[in-house]
Amino acid sequence: MPEPHPSCFVASLAVTGYALCSAALLLSNQYAINKVAAPSFLLLSQFTGTALASKLFANDNGKQERNDAVEERTEAEALIKQVKEILPITLIFSVTMLSNLRMMLESADIETLMVFRFSTPLVLRTVDHFLLREKPPSPRCWSCLLALLIGAF
């Protein structure tokens, strides 16, 4: 059975919450980098906090106890395979975040960083279309991307 679509209110609430979290992280990073001056430590703290929060709020209600050793081994092998597949992406993301903290927050002001972040989805969507041959964005998507870019200025 297909999942029901979230109501407009729930979707708006999720988008607003994401925007507030992103803005708070940006401002707190700017403040912290000026006070601590240790981008690697800040990034490690953020990743650790995210991992702990994810573990704390993870939904384990669907798990059932199993006694079958073969099934557990198969699950472990599948998990190892999944970790191997996603590890390069995680490492690239971590290096990108570290360089973002070092370069942007240490040498640029907050307005420059905001314009850069707001314009990134527009650039990525355009590149996806031309290089990856994905469908062109819908008019609704274009209007959202352009509104985001206009909001940056």
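Further up the page is the structure itself.
Quick caveat, the model's predicted, so the values are computed rather than measured. (Residues numbered from 1 in each chain as written. Predicted model: local features only at pLDDT ≥ 70, side-chain atom pairs only at ≥ 80, totals over all residues. Heavy atoms only, no water.)

> Where do I start with the overall build of the protein in this structure?
Within the protein one finds five helices and zero strands. The secondary structure elements of the protein, listed N-terminal to C-terminal, are α-α-α-α-α. Of all 153 residues assigned to the protein, the portion counted as buried reaches 15%. Nonlocal contacts in the protein, meaning residues at least 24 apart in sequence, comprise 59% of its contacts between residues at least 6 apart. Carbon and sulfur atoms provide 68% of the accessible area of the protein, an area that totals close to 12,600 Å². (Helix = DSSP H or I, 4+ residues; strand = E, 2+ residues; numbered from the N terminus. Buried < 20%, exposed > 50% of the residue type's maximum accessible area, 1.4 Å probe, protein only. Contact = heavy atoms within 4.5 Å. Areas by Shrake-Rupley, 256 points an atom, 1.4 Å probe, with all protein chains shown as cover.)

> Where do I start with the pattern of salt bridges in this structure?
Side chains that differ in sign of charge can pair as their charged atoms come close. Taken as a whole and assessed by the stated rule, the structure comprises one salt bridge. Linking R125 and E134 is a salt bridge whose minimum nitrogen-to-oxygen distance equals 3.3 Å. (Salt bridge = Lys/Arg side-chain N within 4 Å of Asp/Glu carboxyl O.)

> Where do I start with a nonpolar patch on the surface in this structure?
There is a patch of nonpolar side chains on the surface, built from V123, V127, F130, L131 and L132 and spanning about 520 Å² of accessible area. Within the secondary structure, V123 sits in helix α4 (residues 110-131). (Patch = residues over 30% accessible without salt bridge, like charges linked within 9 Å, V, L, I, M, F, W, Y side chains within 5 Å.)

> In this structure, what is going on with the layout of surface pockets? I would like to understand it.
To find the voids left in a structure, one rolls a probe of water-molecule size over its atoms. Roughly 160 Å³ of volume is contained in the second largest pocket. When residues of the lining of the second largest pocket are traced back to their parent elements, those giving at least two are α2 (39-57) and α3 (69-107). In terms of residue count, the dominant contributor to the lining of the second largest pocket is α3 (three residues). Looking at the lining of the second largest pocket residue by residue, the class counts come to three nonpolar, two polar and no charged. (1 Å grid on protein atoms, 1.4 Å probe; cavity = no way out; pocket = protein on both sides within 12 Å on 5 of 7 lines; lining within 4 Å. Points joined across faces, edges and corners; volume = space filled by probe spheres on them. Nonpolar A, V, L, I, M, F, W, Y, C, P; charged D, E, K, R; others polar.)

> I would appreciate a short explanation of helix α1 (residues 8-35) in the present structure.
Helical periodicity: at 3.6 residues per turn, an α-helix aligns residues three or four positions apart in one direction. Taking 1.5 Å per residue, 28 residues should reach 40 Å; α1 reaches 40 Å between its end C-alpha atoms and fits that length. Among all positions in α1, only L26, N29, Q30, A32 and I33 are buried. (Expected span 1.5 Å × (residues − 1).)

> How should the environment of M97 be read in this particular structure?
Mapping M97 onto the fold places it in helix α3. Separated by 54 residues in sequence, M97 and L43 place their C-alpha atoms 7.6 Å apart.

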